[in-house]
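Structural description and commentary
One-letter residues, chain by chain:
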Amino acid sequence: MKNRIIIGVSILVFIIIVIRLIPLLTKGSGSGLSDQGRPPVAVEVAPARFGPIKEIRRFTGTVFPYNQYIVAPKVAGRVIQIGKRIGDPVSRGEVIARIDDAEYQQAVREAEASLKIAEASLSEARSQVDLARQERDRAKSLESRGMATAAELDAALSNYEARQARYDLALAQVDQRRAMLESSRIRLGYTVLTASGSGFIGERFVDEGALLAPNTAVVLVVEIDSVIVRTTITERDYGHIEKGQPVKVLVDAFQGMDFSGNVARIAPMMQQESRMAEIEVEVDNASHMLKPGMFARIEVVTAEKDSTQLVPSTAVVERGGETVMFIVPDGESVARFVRVTTGIVTPELTEIVEPHINGQVVTLGQHLLDDGSPVILEKEIYGQSGGADSSRAERNIR
């Protein structure tokens, strides 16, 4: 009985040893298991290729007129004529509105009459000065010959000086009346409201018959032969935007169309509240298609290369704080762990600066792989199978 137990235990140990040895005996026999006994991982791959790539940063903004101004009167009065409505074009110097000018014309006539009175007074004063000068000269002559006393000469001199002072006063009064007349004419001119620049009527605030105070807005004129698109950028983008950079502007009103512009101005500071800086993009708008107030999308090319090594962005992953990929070398069925240095990164493509890639890159299934893991290649996701055109790869920053 004891021998039977010993024989049974020996057989059981033998079976266990055989089971343990089977994986070792089948190693490398093509059974489909890895070096560690794991089955191959099904992955998707794509070839590395050379081609062009762009990094495009996107921002949102608003369209503003290149210039705008309010037409408003400098004097009070009732509006008797407005010849423009919303959307009407205006040219520089064109009459937009008129204010009742009866009171201002009357003020001009009163100023003209006052000037005539002052000029008559000046003429009279000039005659009295001439007469006083003659009396002074005669008194000097008589006094020098002893035919007039010194008192008579002093009286003649005093009279002349008094007449001269009255003449100077009359002359100043003429200048004053002329200034008042000019002021009246200017105020009369303010009753005609003209455009100081060409553009279009953006808003009309009053109608004919309205009684206006000085500086009451009548119409808003916008100049849109060129427009400004204003947007804000973060500190991360600030170093990538430069004055003069070409910009593409898109608006919802015209799907499929884009408008070309340039970065015209960049704020020299960040707003403390938002940590954003404002930029202005100037866009030619000869067609007048872009309207102030439109929502705009701005695309700026911040980096571009005509030919560089590219892989799908899904192939690049982060492991342990490093940027890595898994490569399947040509003619092999195992994945190799490779550290990489990237350049331009877009949602579709990533530039690989180093190293040069020989083989295909794993684009799906990396989380199941280690260096040397066997793989089964299911399909290619781009390249010969017809994937994304790298020339249109863009980076959606915002």
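Further up the page is the structure itself.
Residues numbered from 1 in each chain as written. Predicted model: local features only at pLDDT ≥ 70, side-chain atom pairs only at ≥ 80, totals over all residues. Heavy atoms only, no water.

**Remarks on the pairing of strand E17 (residues 341-345)**
Here E17 pairs with strand E18 (residues 349-354) via three bridges, running antiparallel. Among the inter-strand pairings, threonine 342 is bridged to a residue of E18, identified as isoleucine 352. Connecting E17 to the next strand, E18, in antiparallel fashion are three residues. (Pairing = 2+ DSSP bridges. Helix = DSSP H or I, 4+ residues; strand = E, 2+ residues; numbered from the N terminus.)

**Observations regarding the nonpolar core**
Val229, Val249 and Val283 are the most contacted members of the largest nonpolar core, which has 24 residues in total. Per-element accounting of this core gives the leading share, six residues, to strand E9 (residues 219-234). Once you skip the residues sitting within four places of it in the chain, valine 229 turns out to touch Thr62, Val63, Val249, Ile279, Glu280, Val281, Val283, Ala296 and Ile298. (Core = buried A, V, L, I, M, F, W, Y, C linked by side-chain atoms within 4.5 Å. Buried < 20%, exposed > 50% of the residue type's maximum accessible area, 1.4 Å probe, protein only. Contact = heavy atoms within 4.5 Å.)

**Topic: unusual backbone geometry**
Across the junction of glutamate 354 and proline 355, the peptide omega takes the value -5°, indicating a cis bond. Examined against the element boundaries, proline 355 turns out to sit in the loop between E18 and strand E19 (360-364). Positive phi, close to 60°, is recorded for histidine 288, a residue that is not glycine. Structurally, the position occupied by histidine 288 is in the loop between strand E12 (276-284) and strand E13 (295-312). Relative accessible area serves as the criterion here: at 22%, histidine 288 is assigned to the partly exposed category.

**Regarding helix H3 (residues 150-189)**
Along an α-helix, residues three or four apart share an orientation, since each turn contains 3.6 residues. Across its 40 residues, H3 extends 59 Å between first and last C-alpha, which sits within 8% of the 58 Å expected from 1.5 Å per residue. Of the positions making up H3, those classed as buried are Leu153, Ala156, Tyr160, Tyr167, Ala170, Val174, Leu181 and Ser184. Where the residues of H3 are buried, they touch helix H2 (102-144). (Expected span 1.5 Å × (residues − 1).)

**Structural notes on the packing of aromatic side chains**
On inspection of all chains with the given rule, the structure shows two aromatic pairs. Plain terms: the ring middles of phenylalanine 254 and phenylalanine 259 are 6.3 Å apart, the flat faces sit at 70° to each other, and that makes the pair edge-to-face. Phenylalanine 254 sits in the partly exposed class, given a relative accessible area of 24%. The lysine or arginine in question, arginine 230, covers the ring of phenylalanine 64, its NZ or CZ lying 4.4 Å from the ring centre. (Phe/Tyr/Trp six-rings, centres within 6.5 Å; stacked < 30°, edge-to-face > 60°. Lys NZ or Arg CZ within 6 Å of the ring centre and 35° of its normal.)

**Focus on the pattern of salt bridges**
All told, the structure shown has 16 salt bridges when counted by the stated rule. Here arginine 136 ties to aspartate 137 by a salt bridge, and the two come within 3.2 Å at their closest N and O atoms. The exposure class assigned to aspartate 137 is partly exposed, which follows from its relative accessible area of 38%. For arginine 339, the salt bridge is made with glutamate 322, and the minimal N-O distance between the two is 2.8 Å. Placement of the pair is arginine 339 in strand E16 (residues 336-339) and glutamate 322 in strand E15 (residues 322-328), with a sequence separation of 17 residues. Overall, glutamate 322 belongs to the partly exposed group, its relative accessible area being 32%. (Salt bridge = Lys/Arg side-chain N within 4 Å of Asp/Glu carboxyl O.)

Any functional reading would require information beyond the geometric quantities listed.
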